[in-house]
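As a plain string of letters, each chain reads:
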Amino acid sequence: MKLLHLMPARKAGPLQSWSDEALMQAYQKGQAEAFDVLYSRHRARLYRYLIRLTGHQEESLNELFQDIWLKLINARDRYQPSAKFTTYLYRITYNHLIDYWRSRKIVNEPLADEVSDTSELPEQHLQQQQQQLQLKQLITALPEQQRTAFLLQQEAALSLEQIAEITGVNRETVKSRLRYAMKRLREAVLESP
Amino acid sequence: MTEHDTDPSVEQKIDQLYRSLSTEQPPASLDRQIMAAAHRAVDEAEPGKASVRNIWLHSLAYAAVLVLAVSVIIEVSLQPELIQTEPSRLIEERVAPAAKAIVPEVESTVSGISPGRNVDRENLSRQQMKRVNKVETRARQALPAMSPEPAQAPLATEVQGYDMAVPNTELMMQEEGRMGAEPAKPWRSDPELWLLHCQQLLMENRFDALTTELAAFQRQHEQYPMPQNLSDWLQSSSLPQVNP
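Residues numbered from 1 in each chain as written. Chains lettered and ligands numbered in written order. Predicted model: local features only at pLDDT ≥ 70, side-chain atom pairs only at ≥ 80, totals over all residues. Heavy atoms only, no water.

A word on the pattern of salt bridges
Working step 1: According to the stated counting rule, one finds nine salt bridges over all chains in the structure shown.
Working step 2: Ionic pairing is found between Asp31(B) and Arg43(A), a salt bridge with its closest N-O pair at 2.8 Å. Residue Asp31(B) is found in helix H2 (residues 28-45), and its partner Arg43(A) is found in helix H3 (residues 32-54); the two belong to separate chains.
Working step 3: Exposure remark for Arg43(A): the relative accessible area of 5% places this residue in the buried category.
Working step 4: In this structure, the salt-bridge partner of Glu165(A) is Arg91(A), at a minimum N-O distance of 2.4 Å. (Salt bridge = Lys/Arg side-chain N within 4 Å of Asp/Glu carboxyl O. Helix = DSSP H or I, 4+ residues; strand = E, 2+ residues; numbered from the N terminus. Buried < 20%, exposed > 50% of the residue type's maximum accessible area, 1.4 Å probe, protein only.)

Description of the interface of chain A and chain B
Reports of interface size often rely on the accessible area that becomes lost once the parts have come together.
Working step 1: Between chain A and chain B, the residue contacts involve 41 residues of the former and 33 residues of the latter.
Working step 2: Taking both partners together, chain A and chain B bury about 3500 Å²; carbon and sulfur atoms supply 64% of that area.
Working step 3: At the junction of chain A and chain B, the tally comes to two salt bridges.
Working step 4: Of all the elements in the fold, those that place two or more residues in the side of chain A that touches chain B are H3, helix H4 (58-74), helix H6 (123-141), helix H7 (144-154) and helix H9 (171-191) of chain A. (Contact = heavy atoms within 4.5 Å. Buried area = accessible area lost by both parts, 1.4 Å probe.)

Points about the confidence of the model for chain B
Residues and elements named next belong to chain B.
Working step 1: Looking at chain B, pLDDT values average 69 and 48% of them are 70 or higher.
Working step 2: Ranking the elements of chain B by mean pLDDT puts helix H7 (residues 162-178) last, at 48, and H2 first, at 90.
Working step 3: Within the model, pLDDT remains below 50 along residues 113-119, and this stretch shows 15 contacts once partners closer than five positions in the same chain are excluded.
Working step 4: As scored by the predictor, the complex reaches a pTM of 0.48 and an ipTM of 0.76. (pLDDT = per-residue confidence, 0-100.)

Some words on the packing of aromatic side chains
A ring pair, where both rings are aromatic, is described by two values, the distance of the centres and the angle of the planes.
All names here are of chain A.
Working step 1: Across all of its chains, the model carries 14 aromatic pairs over all chains by this definition.
Working step 2: On the basis of an interplanar angle of 90° and a centroid distance of 5.2 Å, the ring pair of Tyr-47 and Phe-65 is categorised as edge-to-face. Linking Tyr-47 in helix H3 with Phe-65 in helix H4, this pair joins segments that are 18 residues apart in sequence. For the pair Tyr-47 and Phe-65, a shared accessibility class is recorded, and that class is buried.
Working step 3: Ring geometry for Tyr-49 against Tyr-90: centres 5.3 Å apart, planes inclined by 90°, an arrangement best described as edge-to-face. (Phe/Tyr/Trp six-rings, centres within 6.5 Å; stacked < 30°, edge-to-face > 60°.)

Concerning the packing of H3(A) against H2(B)
The packing of two helices is summarised by the inter-axis angle and the distance between the axes.
Working step 1: Interhelical geometry of H3(A) versus H2(B) gives an angle of 150° and a closest axis separation of 9 Å. In terms of their interaxial angle, H3(A) and H2(B) are classed as roughly antiparallel. Crossing hand, H3(A) versus H2(B): right-handed. Residue-level inspection shows Ala32(A), Glu33(A), Phe35(A), Asp36(A), Tyr39(A) and Arg43(A) of H3(A) in contact with H2(B), the latter providing Leu30(B), Asp31(B), Ile34(B), Met35(B), Ala38(B), His39(B) and Val42(B).
Working step 2: Looking at the contact of H3(A) with H2(B), its residues break down into eight nonpolar, one polar and four charged. (Axes fitted to C-alpha atoms, helices over the stretch in contact; angles between N-to-C directions. Parallel < 35°, antiparallel > 145°, perpendicular 65-115°, else oblique. Left-handed = near helix turned anticlockwise from the far one by under 90°. Nonpolar A, V, L, I, M, F, W, Y, C, P; charged D, E, K, R; others polar.)

What follows is the structure, given as structure tokens:
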């Protein structure tokens with residue numbers, strides 16, 4: 001990970017081999033370096049999850065990102081070792097986003113399309129860029145529940161059960177949401193040149 | 001459901017495309033802020049785990065206290081007179097003047113009373129009682145700082161009997177002599193008081209002093225009648241008796 005340079009070298013070795021849950025327990029017991037490793041593992045995924053889900057620009061995105069991690073830090077004593085850490089982290093994130101949207105009375109509608117200047121890119125690269133842009137647009141165009149389920153699966157690599165636990169629905173509902181989301185994306189991908 | 005719903009190549013293509021999007025990273029400054037907050041939270045939650053700054057502050061405080069304590073000890077050890085001379089200063093400044101002040105009163109008061117121990121106030125004449133009360137008052141005024149409860153002070157301030165007043169006066173004068181001056185012997189100014197003092201020495205079994213005092217008394221007052229107990233003691237001792 002690129003974040004390794006931010007961590008003390010003497011702590012990186014043994015802690016890197018620990019599971020997320022063991023690291024969180026160590027942090028609970030006061031080993032602050034365990035948090036550094038844990039953070040380095042999940043920072044980029046969570047950051048992208050927030051980008052895809054909210055479409056926020058850097059300033060408000062960073063604020064959200066920091067608030068979520070601070071919530072995790074402050075709620076560390078409530079973490080139960082039996083729970084998977086990623087489930088714990090994304091449940092905090094999910095609840096925080098719901099509070100965030102409610103407090104600002106934001107209806108999480110499909111996000112606006114991004115406009116990208118692709119005039120100076122080589123043709124092959126241009127094609128890939130267009131597909132990426134299209135996929136982004138497709139994801140952001142998904143209904144909020146399908147988008148959440150899709151991103152939790154893709155970014156956080158969570159199972160159906162974990163997504164169901166986080167979003168407060170049953171496994172079959174999650175499976176249905178994911179199926180609809182994938183169907184829309186497939187159709188769009190197949191239609192593209 | 002169409003055939004594309006289960007087409008793994010399409011899902012693979014979507015996965016690849018999605019992975020190619022995954023380039024965004026939080027800024028390093030944000031990383032540092034979050035990790036600092038995590039470390040701070042742990043430090044604040046554990047009072048026993050002091051920060052480096054706290055360790056330095058505590059060490060500095062301990063060192064300062066240690067230096068102060070050692071300085072005080074050295075200062076005191078280099079100036080022993082600070083402690084040792086204080087009692088003699090107290091005597092010089094308070095006790096000796098007080099003793100000097102009451103000695104004439106004691107002498108004049110006892111001069112008209114026959115010698116004996118524990119004189120009963122009820123047996124004193126009105127004039128003698130008045131003089132005793134005057135001595136009491138003077139003694140209390142002379143020694144205001146000697147006792148937190150002057151009315152009950154057992155020193156010379158309470159003239160309940162001459163046997164109590166005289167030794168205390170002697171003690172004060174001895175203290176005065178210890179400061180360098182020749183010890184005064186006020187009881188020698190009056191034969192009755194002198195004999196009273198000798199009686200006191202006899203009661204306290206201070207025979208060396210008694211021998212000295214009686215020898216001196218006999219030299220100065222050859223014809224003065226001596227109490228029976230002192231005469232008996234003289235006879236039993238080797239001191240030659242001038243007045244049988």
